[in-house]
Amino acid sequence: MFKRFKAVTMIVFLASSAPTWAQMTPEGLWRNVDDKTGEAKAEIRIRDAGAGALSGVLEKRLSKTAKPEDVCDKCSDERKGRPMLGLEIIRGASKAEGKDVWEGGKILDPENGRDYTLRMEPIEGGQKLEVRGSIGPFGRTQTWIRVQ
């Protein structure tokens, strides 16, 4: 009887803690905020793209000046002229061995068309995501907020 109780208790514990494990990944829907104004700019959905790499798509634009017909006119690759909504802005990030950090990919700033080296790290139990874009030693870090 005691063994059965112990097994049931363990199953309940594991099932209740599973959502916490799932949160310590960049996968999900995130809201980014403008560094200068503090206003929400967009929502980005990050997904598994296969082979252990992540991809992120601009799912919703929240800026007051955003228009549905806006395209990425400053992009210099195959994304040039593509609609901003649905635009892939994160490519190829993969989990660093032994750490809760995803790196090695690129992040596009559609406002200037530049690709930056990407590093992402879930913080605060996975409720926030530190996103760093850099070129060489220069870069900036934003904190994105998980959308529930």
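Structure: above.
Residues numbered from 1 in each chain as written. Predicted model: local features only at pLDDT ≥ 70, side-chain atom pairs only at ≥ 80, totals over all residues. Heavy atoms only, no water.

A.B. asks: Would you mind going over the overall build of the chain with me for this structure?
C.D. replies: Looking only at helices and strands, one finds one helix and eight strands in the chain. Counting helices and strands in the order they occur from the N terminus, the chain gives α-β-β-β-β-β-β-β-β. The 148 residues of the chain split such that 32% are buried. Counted over contacts in the chain with a minimum sequence separation of 6, partners at least 24 positions apart contribute 36%. (Helix = DSSP H or I, 4+ residues; strand = E, 2+ residues; numbered from the N terminus. Buried < 20%, exposed > 50% of the residue type's maximum accessible area, 1.4 Å probe, protein only. Contact = heavy atoms within 4.5 Å.)

A.B. asks: Can you help me understand the pattern of salt bridges in this one?
C.D. replies: A side chain with one charge can pair with a side chain of the opposite charge if their charged atoms come near. Under the definition given, this model contains 14 salt bridges. Two residues, Glu-39 and Lys-64, come together in a salt bridge whose shortest N-O distance is 3.9 Å. With Glu-39 in the loop between strand E1 (28-33) and strand E2 (40-50) and Lys-64 in the loop between strand E3 (53-61) and strand E4 (88-95), the pair connects residues that are 25 residues apart, well separated along the chain. A residue is classified by how much of its surface remains accessible, and Glu-39, at 36% relative accessible area, is partly exposed. Taking relative accessible area as the criterion, Lys-64 reaches 73% and is therefore assigned exposed. Here Arg-45 makes a salt bridge to Glu-59, at a shortest N to O gap of 2.9 Å. (Salt bridge = Lys/Arg side-chain N within 4 Å of Asp/Glu carboxyl O.)

A.B. asks: I keep staring at the sheet that holds strand E6 (residues 114-123) and nothing clicks. Help me out?
C.D. replies: Spatially, the eight strands close up into a barrel ordered E1-E2-E3-E4-E5-E6-E7-E8, and their pairing is antiparallel. Sheet twist, expressed as the mean angle between neighbouring strand axes with direction ignored, is 35 degrees. Pairing analysis gives four bridges linking E4 to strand E5 (residues 102-109), with the strands arranged antiparallel. The partner of Ile-90 across the bridge, within E5, is Ile-107. (Pairing = 2+ DSSP bridges. Axes fitted to C-alpha atoms, helices over the stretch in contact; angles between N-to-C directions.)

A.B. asks: Sorry if this is basic, but what is going on with the state of the cysteines here?
C.D. replies: Each disulfide consists of one covalent bond between the sulfur atoms belonging to two cysteines. Using the criterion set out here, one finds one disulfide in the structure. Bridging Cys-72 to Cys-75, the disulfide has an S-S length of 1.8 Å. Torsion about the S-S bond of the Cys-72 and Cys-75 cystine: about 75 degrees, corresponding to right-handed handedness. Given a relative accessible area of 3%, Cys-75 falls into the buried group. (Disulfide = S-S within 2.5 Å.)

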